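Take a look at the letters that make up each chain.
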Amino acid sequence: MNLSVFQIDRFVDDLDHENIDGFMTRLRSLLASVNYPEGSGPYSEHDFQSSMFIIFAMLGQAVRTEVHTSRGRTDCEIADGNIIYLFEFKVGRDADEALRQMDHLGYADRYAVSGKHVYQIGVSFSAEERGIAEWKTEKKY
């Protein structure tokens with residue numbers, strides 16, 4: 001039996017225990033293992049967003065993309081019981097910029113009185129390296 005570091009239960013366990021760094025490290029490693037076609041161009045934000053949606057859905061998470069708020073749209077949201085993960089993706093720009101956008105547009109505001117743990121995660125993708133360059137996390141509530 002081949003025990004892969006990419007076992008679904010390890011990803012889910014990280015999410016369930018609010019281990020964002022563990023989850024993102026595992027996700028970075030998974031994306032780094034994907035082959036790409038020779039001569040293919042750089043990936044776009046939509047390419048990464050679609051990949052994240054598929055991964056989160058296959059993990060059994062309640063995932064939504066392009067979730068409208070009164071001032072903008074979150075790129076991706078996961079609702080996991082008493083935990084909400086909000087993601088903003090950037091390609092070729094840093095994770096701090098993603099967090100600033102989330103704060104500026106108040107993406108987490110609608111969850112302020114929910115009693116849930118709410119995390120904002122800014123993710124920077126590298127189009128050239130076709131993977132996650134960095135991420136930053138901020139607990140909002």
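Look a little higher up for the structure.
The paragraphs below set out a description of the structure included in this document. (Residues numbered from 1 in each chain as written. Predicted model: local features only at pLDDT ≥ 70, side-chain atom pairs only at ≥ 80, totals over all residues. Heavy atoms only, no water.)

## Focus on the overall build of the protein
1) Next: For the protein, the helix and strand inventory stands at four helices and five strands.
2) Next: Secondary structure elements of the protein, listed N to C terminal, follow the sequence α-α-α-β-β-β-α-β-β.
3) Next: Computed over its C-alpha atoms, the radius of gyration of the protein comes to 15 Å, within 12% of the 14 Å expected for a compact globule of 141 residues.
4) Next: Projected onto its principal axes, the C-alpha positions of the protein cover 45 × 35 × 20 Å.
5) Next: Evaluated residue by residue, the protein yields a buried proportion of 40% over its 141 residues.
6) Next: Here the analysis covers contacts within the protein between residues at least 6 apart in sequence; of these, 56% occur between residues at least 24 apart.
7) Next: Looking at charge distribution, the protein has the averaged site of its 15 positive side-chain charges lying 3 Å from that of its 23 negative ones. (Helix = DSSP H or I, 4+ residues; strand = E, 2+ residues; numbered from the N terminus. Rg over C-alpha atoms; globule rule 2.2 N^0.38 Å. Buried < 20%, exposed > 50% of the residue type's maximum accessible area, 1.4 Å probe, protein only. Contact = heavy atoms within 4.5 Å. Lys, Arg positive; Asp, Glu negative; His and termini not counted. Charge placed at Lys NZ, Arg CZ, Asp CG, Glu CD.)

## Focus on the sheet that holds strand 5 (residues 131-139)
1) Next: Strands sit in the order 1-2-3-4-5 across an open sheet of five strands; the sheet is mixed. With partners counted over all chains shown, the strands left at the sheet margins are strand 1 (62-68) and strand 5, one partner each. Strand-to-strand twist in this sheet, taken as the mean axis angle between neighbours without regard to direction, amounts to 25°.
2) Next: Of the pairings in the sheet, the one linking strand 3 (residues 83-91) to strand 4 (residues 117-126) comprises nine bridges and is parallel in character. By the bridge assignment, Glu88 is partnered in strand 4 with Gly122.
3) Next: Packing against the sheet, helix 2 (residues 20-32) makes contact with strand 3, strand 4 and strand 5, and its axis sits at approximately 165° to strand 5. (Pairing = 2+ DSSP bridges. Axes fitted to C-alpha atoms, helices over the stretch in contact; angles between N-to-C directions.)

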